[in-house]
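Here's the letter readout for the chains.
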Amino acid sequence: MSDGNSNGKHKSVFGKTFGAVGSVAGSTLGAVGNVAGTTIGAATNVAGKAIEIGTLGAVSTERPPPPPDPLWDMHRDPPPMPAGYTAHVEKKKERRKRLNAGAWVDDLAEEFDDDDFRDRTTFLETYLKDKFYGDWYHNAAIIFVTAFFSWLVARFGGGLIWLTIICAFTSTYYRTSILRVRRNVRDDLARESAMTKLETDAETMEWLNSFVVKFWAIYLPTLNAMVIDTTNQVLSGTATPTPIDGLELKRFTLGTKPPRIDLVRTYPKTEEDIIVMDWGFSFTPNDIEDLTSRQLKDKVNPLVELAVRIGKGVISTGMPVLVQDMAFKGLIQVKIKLITSFPHIQTASVSFLRPPYFDFVLKPIGGETLGFDINFIPGLEGFIKGMVHDNLGPMFYDPNAFTVNVQQMLAGGPNDAANGVLAVTIYNTRNLKGSDSIGNTVDPYVKLTFGGDKELARTSTKFDTNTPKWNETKLILVSSLSEALNLNVLDFNDMRKDKPIGTVTFPLEQLQSEPEMENVVGKIVQNGKERGDLIFDARYFPVQTGKKLEDGTIEPPPQLNTGILRFTVHQCKELDQAARKAFGASGFNPFAVYYVDGKEVHTTKLMKRTTTPIWDEAHEVLVTNKIATTLTIVIRTDKELSGSADIASYKVKLSDLLAENEKGNDWFRMNPGGRIRMTAQWKPVAMAGISGSGGYIPPIGVLRFHVKKAVDLRNLETVGKVDPYVRAMVNNYHKSQTITIYGELNPEWDEVIYATITGPNEKISLEVMDAESTGKDRLLGEAALDASKLIQKNEKGEYVTFDDNAERTALLTMPGRAPKGQLLYTASFFPSVSIMDPDDIAEEERIKKEAEEKEAAMTPEEKKKRDDEEKKKADAKAKADKEAAKKAGANGATPPVPAPIVEEPKSQEPEKLRLGIEELVQYQSGLLVFKIMSGTFSKPDVYIQVFFDDQLYPSYVTGRSHGRKSKFEEVGDGLIRELEFSKITIRAVTKDTAKRSDTDDVIAEFTGSTLARLKQGYNKAVSIPLAAVSGDVGGANSVEFLFKYVPVKMVLSPIETFDNQGILMITMVDGTSLPAADRRGKSDPYCVLELNGEKVFKTKVIKKTLNPTWNESFQMPVSSRISAKLELKVYDWDMGPADDDFLGGSLIDIAKLQPMNSEQQILTLDGASGQVRVSLQFRPDYIVKAIKGTAALSGTLAVPGMVVAAPIKGVGFAAGGVVKGASFLRHGFKSKEKRAGATADDGASILTTSTSRRSRF
């Protein structure tokens, strides 16, 4: 009975629970269905509206407009309002007044009866942040939460009340969420619609025009006065031709009607840091349709009156020139480039999208009363407007633009200051169409301009040809990349003006993303017609500036010998004595002429009747050799009848002028009298590969980096691993690099690289790069080094050696990313020997010789006169000092006691040594400085590479040659570790990225003794012939070099010496008492040699013996015998599939071998017994470094990844596998030696190893 009741209760409870759950589930499903239906309906509605609004911008403008809507037609009367609307509005206004006055409002329902409940803030919106509702996943989550809590309530016996509470919360949350979704959708649609209108429609600026109308009447008098004052200041210093005595602006006004802005259009889809807008504006003061009667009464027309005074003194008269009723209308495009730092605007460019309309009344004679408008003369108005368009077009008309560097202006720098150098190499034209005149030939040349007609450079003229070839490089200073370069092709004529053929317009903006553009094909266009193609290169080299460090300081810019010089002559004083001595009482009208290395570059304006002229005129010029550049300033006076004559001059070296300016000195004494104030600013520019840009600054020393390894590098590859190498950077310039190790995140280089430096404050860093076969190499991280801690001076002012073997560990950093990986290395500094340059020695000897000749040419009377003048000057100075002291005593004052002269402590500069070539070559370590002057090649478009010793990558690569004969004038250097043994390799290649092992790109090469080349071409040009490689039969190849040598106080470590690398010749002689491995007490022994864990040689098998005799010889290159691990292993050969039995092994010590001496060693095996006798001979030679991680030899037993120095041809291996026996005796080593000897005049040879993958550097 009890069991039955119990079961019945259980069934009843289960039935109730199941019913409740079913009811809740049904309610939940219904709610979910309603929510889903509502959501889908809303989404469909929103999507439909989105499509409707989104397509508004795409509607064709040719479609007829929709019928006017009276609600939006501003020119129609408003439609009648519904009945009772006016009373309702008045009632609401009264209610608002009472509420604002503090009265109580009883009927809240009446107050809010017309409000939209969707605009009210719900409870959830007050306490719930926006991020917790409004997205689709929030709505999905609330559905599941509702279902879960409904199940939970039913599980614990809850009823409909609890379910109602849950549904209330759910509905409130859903309502809040869907309102936010709809609001976001409306905002997005409005934003997209506005963006579409921005692209297609123009905005009116009536609000701004109304402001300008009121402000114009207040500001106009101030504007007129300011323009008159500023213009007259400029006109007062303007030189005028005879008979005009002067110019003066008498009256200026723009009238009472202000200019107006007609439209503004914005382009939203531009780059993030670029703003582009079109502005349409007009200035039509004679249009009086929109003026009121009061404005018409007070209207003043625009007027400009320029007074021209003709004659001299009292015999002169003024003649007014009037310009009236000016009108103007145009459409300009404004482009603004933004930056992150202050002032946040870098440049602002303005250009007219089409030629503007303008009109004016010009009365040159007669004044306002009797003046005659010259525009009434037939044809003159069109001529004047054409002249205006021709002058403004190259500067303002699209694609040209007028650019203002706002950042530079606010920083205090001049707006016209150059910020880089543009190198334009003009090659040739194609399909050039000249004049159609009968009997006229085409003599083309190219003139380069920016905007206006001011010529920047021009090529030579090629006579009587339609296919000219120039191959000329022109260097142009650039102040902004927003400008456009015009390459004007003209036809030269002897007797008349040169005729334009066409123009190529090249926007410099392209160089921002790609600084070097080669083989650009520009269309030559004249009057909208193509006249041919112009092929040229364009390369941009920006000014190098110091970076801002984390502590706010700015590091100094790199010390380069090539750059832009901006020098300013401010003023002169004390010219009166020189003027009276030279010209007496006549008028003195000085001007200054600037010379750079004897070439005139600039002439200042003429200052009338003054002996203290103030010019403040700056001029910029490109300097390719700062150390050797000389500036000369000549002060001249203009004589109206006899021309100009020199007054005084000042000559100074550029380096000395910069040093004096740094000390604060800018006043200098001229010869024969007077003082001049001048300053100079140096802006370094790196221009590698440009002919004529090769200046060289003597280095203070060499940094030595022993790069050991890197740990846990950043992996940038999606598949596989990076291919790292390390390069030494000095002021962001690549100096040297290690080999590349492919597919490794923990590479071990164990390599020494060098970097020359010219100052202790230069930025030094080691960058770990990922080599790419195509495209630029990628940065994996860099380790910065404070060079000032390595570079120190002693009490004599000499740099001292810092040889540190302590291992450094540096984190590898990248801009904008967390540090990743470590680099382990050592760093040392070795100073250079301070020697006099051969050119300085020659100049010093020349000056000394001229002084001696001048002294010898003087007569005794002249010598006596000179001595008397010097004595007279000394006596006059002593007398003046005595009179000053006496005068001070007569006035009752204590005569001043001369203060002791305290000189500021100066750092001692070491005395430079005068060394000849024979003394220089006694220094084994040093820098070989070479100047590549010119070359003759069998093919055009080649590069010159220079290698030293065992380098895989070149020390220097020139720019591309232009034609078969080309001038380079480029300077480079390379570190020589041991001059006695050093080898130099010069190659002409077709690719500037070719490595030493890439022989396919080589046209011709030379390998020879560095010492012999240095003696042959020390401070004088020498032509070095290059031997053509196989397959090149185009003709002779030669390069002209000039060499200098700078010794370095360096002590080489044993791993860097010449004796540490070379060819190891091994003879496996025999073995004795080897262990028995067979049942019969015998073995089948053979030997295997392993170098650094890789198999390099295997002997033949000698069967059934314990005392084998092999007598097999082979040779292999060893890149470092000190660190090399050479191991001999003896095995017993077995016929079956099992491994051969190991009989024993032994290490072979090759570090102590005497070079070129044969030595026999008896090696005791570490097995049961036995000895092996080997014969060793080491021949030192340079072994070119090879890339790790690739099969350096086909057919070697080496596993890809570790081979550095692989066997050369014929030393024991072939394509099929292991070669047995001394095959090198027949065809191997001698054939390679013969090929190397064919390129060297002194029998030098450098062994190389091959690689299969190319790396950019």
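Let me sum up the structure you'll find in this document.

Calculation rules
Residues numbered from 1 in each chain as written. Predicted model: local features only at pLDDT ≥ 70, side-chain atom pairs only at ≥ 80, totals over all residues. Heavy atoms only, no water. Helix = DSSP H or I, 4+ residues; strand = E, 2+ residues; numbered from the N terminus. Buried < 20%, exposed > 50% of the residue type's maximum accessible area, 1.4 Å probe, protein only. Contact = heavy atoms within 4.5 Å. Areas by Shrake-Rupley, 256 points an atom, 1.4 Å probe, with all protein chains shown as cover. Pairing = 2+ DSSP bridges. Salt bridge = Lys/Arg side-chain N within 4 Å of Asp/Glu carboxyl O. Patch = residues over 30% accessible without salt bridge, like charges linked within 9 Å, V, L, I, M, F, W, Y side chains within 5 Å. Phe/Tyr/Trp six-rings, centres within 6.5 Å; stacked < 30°, edge-to-face > 60°. Axes fitted to C-alpha atoms, helices over the stretch in contact; angles between N-to-C directions.

## With respect to the overall build of the protein chain
Regarding its fold elements, the protein chain presents 20 helices and 50 strands. When each of the 1257 residues of the protein chain is scored for burial, the buried share is 41%. Contacts spanning at least 24 positions in sequence make up 67% of the contacts within the protein chain whose residues lie at least 6 apart. Carbon and sulfur atoms provide 55% of the accessible area of the protein chain, an area that totals close to 70,100 Å².

## Overview of the pairing of strand 43 (residues 1094-1098)
Of the pairings in the sheet, the one linking strand 42 (residues 1085-1091) to strand 43 comprises four bridges and is antiparallel in character. Across the sheet, the residue bridging to Val-1088 is Lys-1098, located in strand 43. Following strand 42, the chain reverses through two residues before pairing antiparallel with strand 43; Asn-1092 in that reversal takes a positive phi of roughly 55°.

## A closer look at the pattern of salt bridges
Under the defined criterion, the tally for this structure stands at 37 salt bridges. Across the pair Arg-251 and Glu-305 runs a salt bridge whose closest N-O atoms are separated by 2.6 Å. In this pair, Arg-251 sits in strand 1 (residues 244-253) while Glu-305 sits in strand 4 (residues 303-312), placing the two residues 54 residues apart along the sequence. Glu-509 serves as the salt-bridge partner of Lys-335, at 3.3 Å between the closest nitrogen and oxygen. Here Lys-335, found in strand 5 (residues 315-338), pairs with Glu-509, found in the loop between strand 14 (499-507) and helix 12 (510-513); they are 174 residues apart in sequence, far enough to count as distant.

## A few points about a nonpolar patch on the surface
Where nonpolar side chains cluster on the molecular surface, the patch consists of Val-145, Phe-148, Phe-149 and Trp-151 and spans about 390 Å² of accessible area. Taking relative accessible area as the criterion, Val-145 reaches 37% and is therefore assigned partly exposed.

## Some thoughts on the packing of aromatic side chains
What the rule picks out here adds up to 26 aromatic pairs. Judged by centre distance (6.1 Å) and plane angle (35°), the ring pair of Phe-148 and Trp-151 falls under tilted. Taken together, the positions of Phe-148 and Trp-151, both in helix 5 (residues 136-155) and three residues apart, correspond to about one turn of that helix. Accessibility expressed as a relative area gives 45% for Phe-148, which makes it partly exposed.

## A word on the sheet that holds strand 23 (residues 667-669)
The strand order across the open sheet built from four strands is 20-17-24-23, with neighbouring strands paired in antiparallel fashion. What marks the edges here is a single partner per strand, and that holds for strand 20 (614-623) and strand 23. For this sheet the average axis-to-axis angle between neighbouring strands, irrespective of direction, equals 30°. Relative to strand 20, strand 17 (residues 563-573) is paired through eight bridges, and the arrangement is antiparallel. Across the sheet, Arg-566 pairs through a bridge with Glu-620, a residue of strand 20. Sheet contacts for helix 14 (residues 654-662): strand 17, strand 20, strand 23 and strand 24 (675-684); angle to strand 24, the most-contacted strand, approximately 100°.

By themselves these figures say nothing about function.
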